[in-house]
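Observations on the model geometry
Spelled out from the first residue to the last, the chains are:
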Amino acid sequence: MRPTPLQPPFLDRLRAVACPVPTDHRLSPFGIPALDGRLDGGLRSGALHEAAPATGSLADDAAATLFLAGVAAREAADSGAPVLWVSARTDLYAPGLAQAGLAAADVIYAEPRDDAAALAVAEDAVRDGTPCAVVLEASRVPMVATRRLQLAAADADLPVLLLRRRGRGGDPLGEPSAAWSRWRVSAVPSAPLPVAGVGRPRWTVELARRRGGEAFSLVLEGCDATGRLAVPAAAVRGTDAPAGAFRAAA
Amino acid sequence: MRRRELSAPRPEPRVLELPVDDDPGACSVPRGGGWRPGARWARDGLPDRAEVARRVAAMPAHARPPMRELGRRSEAAEHPFRGGRDASSSERSGAAAPPVSPAIVTVPDAAPLVLVAKVGRQDKVVAVCGTAAALGLTVGMAATHARALVSDLDMRPAEPEADAGLLNRLALLAVRRWTPTVMVTPPDGLWLDLTGAVHLHGGEERFCHRLRALCRRAGYTARVALADTPGAAHALARYGADDVVVVPTGGTLAAVSPLPVASLRLDPDALGAARRFGFEAVADLLPVARGPLARRLGLAAVLRLDQALGAAAEPVTAVTDPAAPAAERRLLEPIGTAETIAQVMADLLGDLVAELRARGLGARSIVMTAERVDGGEQRVAVGTSRATRDAEHLMRLFRLRIERVDPGLGLERFAMVATLTEPLDATPLGAVLAGEVQVRDPARLVDVVAGRVGQRSVYRVAPVESHVPERVAVRTSSVAAPGSWPSWPRPVRLLARPEPLSRVVALLPDHPPRRFEWRGAMHAVVAGDGPERVHGEWWRRAGEVWASRDYWRVEVEAGGRYWLFRRGDGVRSDTGDLSWWLHGVFA
């Protein structure tokens, strides 16, 4: 006896039961089909997103920072509201952020004493609803705190971008979290230029986990002046410089 | 006689060996004449004047003989019209005696000035300046008497109402500037409760000097005393030895003891009684049993003594700005839970906002005072970065503070005062009319965050016109709108201090390093951009006159992009020592 083919309405119902994530939320697309297609249209706006450097090096940390700064910059450009950057560290360099699209007028900095205070500040700010995005740098974030942030972000419909720093415990994405998506970013060598000099930064962006989606990994080019990423152009045969060659611009 | 019976036994004055005996029977002058003052035979074997003075100075103050006993016949007699010194004080001579009347701040080179007012049916002097006091004029003297004594006397009518008004204004200034709890003590004093506020003014000594400097700039002289209790400070400010007296914690008893009894704010009857019974200094009151003391001086005097020494509480009625918008709720039953406190806060804010709206004001800071049933007071304050009268926003700020209210056995009275207000007119509804549901005001966000981490930890970063990377960004007010930076490539993380690189291989002067070691790891450079030369700012520091740095943005083999610099331009040695440093990290 042949099994009855599943009817489309039945399929929808089954999908709703299997995947309880509501799909009618606001999305903020990256503007890159390769990325947005795998994310079902873009990052969910009202959610908690985590990014962590792939290794403990400062270069990967900077890449993860700029990855989140780009998301926040695009939110700020769309809404006109400021971004709240909550960090207990003092090494963030505002001129560098401005070159990723977060101008000085777009960012309000908060400098809490420790991670617990940072989480409280971020939650207060999200519940206030004034900023267009909240960027939070923390190393130790318990599961309960991420769940609270995720719920608050969903209520306020604004993204909370959590930059997980590497503590002594190794990979921060190994800890449980209620974040909607978790990213691992690392800096990779840039495309060789036909002239001397350093090319556009290039990162490996790896989606380690996403609610209701699959993990993937992409090599992307870093933020431009408006915070947008790009897919590297396919290398044209013959333009590659020989490996190990030194390029410098005087 | 009576005095000797009542007060503590005092040592009898020692009989002094006098250089010249008054007794004619024991006269040492040889008969037959030849006496002249200061003759050598008369001086020999007797202590000279300096020796006597030394011995007199070594005696305790109460035992010193008056000058007349030293045999000086030409001693100036007391002026018959210079009254004011009562009998008790004229018995005590010597410089160590504490002042009996309140100290007067003397202004040099001023004409003698007295204030005259009608007391009863007579014009009397009610205040004297230092010069006038030195001329023997005293408070309580008849005006005609004073004029007869000093011909060029500047005599002006007293204006107690104007004085009180001035004192009130000064108190309000103190509330805004020094401490929230200030009380006026007419006719000439202010009490400032400095508990928990001293560190804001640089410590106790500096606070006193700042306060005096403020008064001096405003044209007033002031005496400041700082003590554990208001009563002690009151006494020391008026009868203390110096213009600024700071009593260390626990030193109240020692500081107050030598002061005259009048410093205790006694009424005239009690003062008269104290004089009759021979109580001169506060120290005289201390050993006396409470019962007899109360019977002689009255219960009020005992209470004043206790208040000065800290044994009895002294309520302070703080000055409040009558013009400040305020709201008050007295509850039928004391409350203690967070929900009920939040409810009262919301009610109070409703009242306050209505008043602010009626006056066209916005609040910058609001203080809520909650009184407990046991008399304690709980104080909660919020501040806003911009004038506001949005009850919902203010309530959110207050809700963050509820946990700091200690209800104790219950709170029964709440008052809310907008201590700092600014004009706030109607605001345009542009965004709302255009269809935007949510009004986004950064000031509101700043208030919420500052409620958690403090006003200083919320900021924006503004550009500064400089090329030195450490100096291009400064923190500014969180509600300012800063400009932008020039678009030179800049790292996203800048190390607080540049970190030195070792084992650098580089071609001088215009090439980035080929390899460098940083934090123990060797990095091979594959590409570099630069140099970007940054000169020292000679107008800031002498050390930067010739200094320069050459910055490179380099990419290493593993993919990291770093911002390196070399001190010096590679040609001239006085621009730097050619050491290499890592300053920032690009993404």
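Note that the coordinates shown come from a computational prediction; the quantities given were computed from them, not determined experimentally.

Once that is clear, we can look at the overall build of chain B. When helices and strands are counted, chain B shows 18 helices and 20 strands. Scored against the burial criterion, the 587 residues of chain B give a buried share of 38%. Of the contacts formed within chain B by residues at least 6 apart in sequence, a portion of 52% connects residues at least 24 apart. About 33,700 Å² of surface is accessible on chain B, with carbon and sulfur atoms providing 54% of the total.

It is common to give the size of an interface as the accessible area that goes away when the parts come together. In this complex, chain A contributes 58 residues to the contact, which on the side of chain B involves 59 residues. R444 of chain B is the partner of D128 of chain A in a salt bridge, and the nearest nitrogen-oxygen pair spans 3.5 Å. Joining chain A to chain B, the criterion identifies 21 residue pairs in polar contact (both at pLDDT 80 or more). Listed by contribution, the elements that provide at least two residues to the side of chain A that touches chain B are α3 (58-79), α4 (94-98), β5 (107-110), α5 (115-128), β8 (181-188), β9 (202-210) and β11 (247-249) of chain A. Take the side of chain A that touches chain B: its biggest share by element is eight residues, from α3 of chain A.

Our next topic: the environment of A158 of chain B. Residues and elements named next belong to chain B. Along the chain, A158 turns up in the loop between β3 (154-157) and α7 (160-177). Take A158: its relative accessible area is 24%, and that puts it in the partly exposed class. Taking the C-alpha atoms as reference points, A158 and V125, 33 residues apart in sequence, are found 9.0 Å from one another. Those residues in contact with A158 that lie beyond four places of it in its chain are L115, V116, A117 and V126.

Turning next to the packing of aromatic side chains. Per the counting criterion, the structure on display carries 14 aromatic pairs over all chains. Arranged with centres 5.2 Å apart and planes meeting at 50°, the rings of F67 of chain A and W183 of chain A form a pair that is tilted. Of this pair, F67 of chain A sits in helix α3 while W183 of chain A sits in strand β8; the two residues are 116 residues apart in sequence, bridging distant segments of the chain. Grouping residues by exposure puts F67 of chain A and W183 of chain A together as buried. An angle of 90° between the planes, with centres 5.4 Å apart, marks the rings of W538 of chain B and W539 of chain B as edge-to-face. Given a relative accessible area of 57%, W538 of chain B falls into the exposed group. Through successive ring pairs, a cluster of aromatic residues spans Y551, W563, F565, W581 and F586 of chain B.

This part is about α7 of chain B. Residues and elements named next belong to chain B. Compared with an ideal rise of 1.5 Å per residue, which puts 18 residues at 26 Å, α7 spans 25 Å between its outermost C-alpha atoms and is within 8% of the ideal. Of the positions making up α7, those classed as buried are L167, A171, L172 and A174. Seen from one end, α7 has its buried residues packed into an arc of 160°, which puts them on one side. More than 90 degrees from the buried face of α7, the exposed residues found are E161, R169 and R176. Buried-residue contacts for α7 involve β4 (182-185) and β5 (189-192).

Our next topic: the packing of α5 of chain A against helix α6 (residues 143-156) of chain A. Residue and element names in this part refer to chain A. As a packed pair, α5 and α6 sit with axes 9 Å apart at the nearest point and diverge in direction by 15°. As the angle between them shows, α5 and α6 are arranged roughly parallel. Considering only the axes of α5 and α6, their crossing is left-handed. On α6, the residues that touch L119, A122, E123, V126 and R127 of α5 are A145, R148, L149, A152, A153, D155 and A156. In the contact of α5 with α6, the residues fall into eight nonpolar, no polar and four charged.

Residues and elements named next belong to chain B. One open sheet holds the three strands; their spatial order is β2-β1-β3, and the pairing between them is mixed. Strands at the two margins of the open sheet, each flanked by one partner only, are β2 (122-128) and β3. The average angle at which neighbouring strand axes cross in this sheet is 40°, direction not considered. Of the pairings in the sheet, the one linking strand β1 (residues 113-119) to β2 comprises six bridges and is antiparallel in character. Bridged to V119 within β2 is Q122.

Applying the stated criterion to the full structure yields 52 salt bridges over all chains. Here E206 of chain A ties to R184 of chain A by a salt bridge, and the two come within 3.2 Å at their closest N and O atoms. Highlighted residues: E206 of chain A in strand β9 and R184 of chain A in strand β8, separated in sequence by 22 residues. Relative accessible area serves as the criterion here: at 28%, E206 of chain A is assigned to the partly exposed category. On the basis of relative accessible area, R184 of chain A is assigned to the buried category, the value being 19%. Among the ionic pairs, D123 of chain B bridges to K118 of chain B, the shortest N-O distance being 3.8 Å. In this structure, a network of salt bridges that share partners links the residues D61, R89, D91 and E137 of chain A together with R493 of chain B.

On to the packing of α5 of chain A against helix α18 (residues 442-453) of chain B, then. Following both chains from N to C, one finds α5 of chain A and α18 of chain B inclined at 155°, their axes separated by 9 Å at the closest point. The angle between the axes of α5 of chain A and α18 of chain B places the two elements in the roughly antiparallel class. Note that α5 of chain A runs across α18 of chain B; the crossing there is right-handed. Residues A120, V121, D124, A125 and D128 of chain A of α5 of chain A form the contact with α18 of chain B, whose participating residues are R444, L445, V448, V449, R452 and V453 of chain B.

Our next topic: the environment of L211 of chain B. Residues and elements named next belong to chain B. In this structure, L211 sits in helix α8 (residues 204-218). Its relative accessible area of 14% is what places L211 among the buried residues. Between the C-alpha atom of L211 and that of H201, which follows or precedes it by ten residues, the distance is 9.7 Å.

Moving on: the nonpolar core. Of all hydrophobic cores here, the largest spans 75 residues; its most connected members are L35, F67, W183 and W203 of chain A together with F516 and Y562 of chain B. If near-sequence neighbours (up to four positions away) are discounted, Y562 of chain B is found in contact with A59 of chain A together with F516, W518, H523, W552, R553, V554, V556, L582, G584, V585 and F586 of chain B.

Rules used in this analysis
Counting restarts for each chain, with residues numbered from 1 along the sequence as it is written. The order in which chains are written sets their letters, starting at A; the order in which ligands are written sets their numbers, starting at 1. Since the coordinates come from a predicted model, pLDDT governs what is reported: local features require at least 70, and pairs of side-chain atoms require 80 or more to be given and counted, while whole-chain, interface and lining totals use all residues. Excluded from the side-chain calculations are hydrogens and water; all other atoms, namely the structure's heavy atoms, are used. Note on conventions: DSSP H or I runs of at least 4 residues are helices, E runs of at least 2 residues are strands, and numbering of each starts at the N terminus. Burial classification: accessible surface area is computed with a 1.4 Å probe over protein chains only, and a residue below 20% of its type maximum counts as buried, one above 50% as exposed, and the rest as partly exposed. Note on contacts: a residue pair is in contact if any heavy atoms of the two residues lie within 4.5 Å. Method for areas: the Shrake-Rupley scheme with a 1.4 Å probe, in which residue coverage is limited to the protein chains shown. Salt bridges, as used here, are contacts in which a Lys or Arg side-chain nitrogen is within 4 Å of a carboxyl oxygen on Asp or Glu. In the analysis that follows, any N or O atom pair within 3.5 Å is treated as a polar contact, provided that within protein one partner can donate a hydrogen and the other can accept it, and provided that, for residues neighboring in sequence, both atoms belong to side chains. Two aromatic rings from Phe, Tyr or Trp, using only the six-membered ring of Trp, form a pair when their centres are within 6.5 Å; if the ring planes differ by under 30 degrees the pair is stacked, by over 60 it is edge-to-face, and anything between is tilted. Take the number of residues in a helix, subtract one, and multiply by 1.5 Å to get its expected span. Working note: the arc is built from the helix axis to C-beta atom directions. The convention used is that axes are lines fitted to C-alpha atoms, helices contributing only their stretch in contact, and that angles between N-to-C directions extend from 0 to 180 degrees. When describing relative orientation, an angle under 35 degrees is termed roughly parallel and one over 145 degrees roughly antiparallel, while 65 to 115 degrees is termed roughly perpendicular and anything else oblique. Definitions for this section: a left-handed crossing has its near helix turned counterclockwise from the far helix by less than a right angle. A right-handed crossing has that turn clockwise. Think of it as three bins: nonpolar holds Ala, Val, Leu, Ile, Met, Phe, Trp, Tyr, Cys and Pro, charged holds Asp, Glu, Lys and Arg, and polar takes everything else, Gly as well. Between any two strands, at least two bridges found by DSSP are needed for them to pair. To form a nonpolar core, buried Ala, Val, Leu, Ile, Met, Phe, Trp, Tyr and Cys residues must be joined to one another through side-chain atoms within 4.5 Å.

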